[in-house]
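Residue-level structural notes
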Amino acid sequence: PYAFKSMYDDHTYGASADFEQPWSDSQITRIAVHAKQDIHREQSSAIAPWATFKDRTFSAGVEHEWRPDARWTLTPGVSWNEQQGQRAENLLANNRIVPFAVHSDTAINGQIAATLQMIEDVQLYGGISRKTRFPTIKDRYSYRLGTAIPNPALKREESDNVEIGVKGAAGALHYQAALFNSKLQDAIQAGRFREDLYYRL
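For clarity, every value in this text was computed on a predicted model and none was experimentally measured. (Residues numbered from 1 in each chain as written. Predicted model: local features only at pLDDT ≥ 70, side-chain atom pairs only at ≥ 80, totals over all residues. Heavy atoms only, no water.)

1. Section: the packing of aromatic side chains
Keep this limit in mind: Planes of paired rings set the category: under 30 degrees apart is stacked, over 60 is edge-to-face and the rest tilted, where pairs are Phe, Tyr or Trp rings (Trp by its six-membered ring) whose centres lie within 6.5 Å. Numbering of helices and strands starts at the N terminus; helices are DSSP runs of H or I of at least 4 residues and strands are runs of E of at least 2. Here the term buried applies to any residue with accessible area under 20% of the maximum for its type, exposed to any over 50%, and partly exposed to those in between, with areas from a 1.4 Å probe on protein chains only. Whether a charge sits over a ring comes down to the Lys NZ or Arg CZ being within 6 Å of the ring centre and within 35 degrees of the ring normal.
For the structure shown, the criterion picks out two aromatic pairs. Between Phe53 and Tyr141, the ring centres sit 5.5 Å apart and the planes meet at 45°, which makes this aromatic pair tilted. Of the two residues, Phe53 is situated in strand S3 (residues 51–66) and Tyr141 in helix H1 (residues 137–141); the sequence distance between them amounts to 88 residues. Aromatic side chains Phe100 and Tyr141 sit 5.1 Å apart centroid to centroid with 40° between the ring planes, which places their arrangement in the tilted category. A residue pair is termed long-range when its members are at least 10 positions apart, and Phe100 in the loop between strand S6 (97–99) and strand S7 (104–119) and Tyr141 in helix H1 qualify at 41 residues. Here Phe100 matches Tyr141 in class, with each residue buried. An aromatic cluster of three or more residues is present, and its members are Phe53, Phe100 and Tyr141. Sitting over the face of the ring of Tyr125, Lys167 holds its NZ or CZ atom 5.6 Å from the ring centroid.

Below is the structure:
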């Protein structure tokens, strides 16, 4: 609904690596590492300078799968995650660029999951986990067409999750049903405080 031109030059690159070590028929350890670089560039007009934003994210995780018998599988896991704010620029109305503050944040996530093979094609599963979502460049720095105030120090969003379910197959039919509960902390969303908009409830 807005009649204006906006110019962006965005790209992301990264790498992932996975390693699996079977110790026996009932014990397997898996390790994964990920790295990602996000770059966002924007220009408000053809004569305006380019504002540049850069984030770098790392993640490393390990899980161990244990099968105490033919029916049960128990898998605990833990991961370490880091978001590094590297560069953020504020393009002012007079086409002048001033730097935003940049921040870094880390989080440790964990989970434990279990499965029970009830019969050949029916599996009962359950798990408990802690998950983290880091705020994006847009979450932290966007004015959202004049309806928001940037929050460079916006912290991560966390959730504690519990789930139990069943899945299976009956011929060509595959099915899955689950009950779950998620408790969200420090939600990243738009909220109103007095007359200003900000990104932390």
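2. Digging into the sheet that holds S7
Just so we agree on the cut-off: Two strands pair if DSSP finds at least two bridges between them. Note on geometry: axes are lines fitted to C-alpha atoms, helical ones only across the stretch in contact, with angles between N-to-C directions running from 0 to 180 degrees.
Overall, antiparallel pairing links the eight strands, which are arranged S1-S2-S3-S4-S7-S8-S9-S10 in an open sheet. Strands with a single pairing partner mark the edges of an open sheet, and in this sheet they are strand S1 (7–24) and strand S10 (173–185). Across the sheet, the axes of successive neighbouring strands diverge by a mean angle of 15°, strand direction being ignored. The sheet contact formed by strand S4 (residues 72–87) and S7 spans 13 bridges and is antiparallel. Looking at S7, one finds that Ser79 is bridged to Asn109.

3. Regarding the nonpolar core
This is how the line gets drawn: Only buried Ala, Val, Leu, Ile, Met, Phe, Trp, Tyr and Cys residues count toward a nonpolar core, and they belong to the same one when joined by side-chain atoms within 4.5 Å. Every residue pair with non-hydrogen atoms within 4.5 Å of one another is taken to be in contact.
Judged by nonpolar contacts, Ala48, Ala51, Phe53, Ala88, Leu91, Phe100, Ile137 and Tyr141 together constitute the single largest core of eight residues. Of all the elements in the fold, those that place two or more residues in this core are S3 and H1. Ignoring anything within four residues of it in the chain, the contact list for Ala48 reads Gln43, Leu91 and Asn95.

4. Digging into the confidence of the model for the chain
To keep things clear, this is the line we draw: Scored from 0 to 100, pLDDT records how confident the predictor is in each individual residue.
Per-residue confidence for the chain gives a mean pLDDT of 90; residues scoring 70 or more make up 92%. Across the chain, the secondary-structure element scoring lowest on mean pLDDT is strand S12 (residues 196–198), at 45, and the one scoring highest is S3, at 97.

5. Focus: the pattern of salt bridges
For clarity, the threshold we go by: What makes a salt bridge here is a side-chain nitrogen of Lys or Arg within 4 Å of a carboxyl oxygen of Asp or Glu, nothing more.
Applying the stated criterion to the full structure yields 14 salt bridges. Between Arg67 and Glu65 there is a salt bridge; the shortest N-O distance is 3.2 Å. Overall, the relative accessible area of 43% leaves Arg67 in the partly exposed class. Beyond isolated ion pairs, a larger network of salt bridges with shared partners links Glu20, Arg30, Glu63, Glu65 and Arg67.

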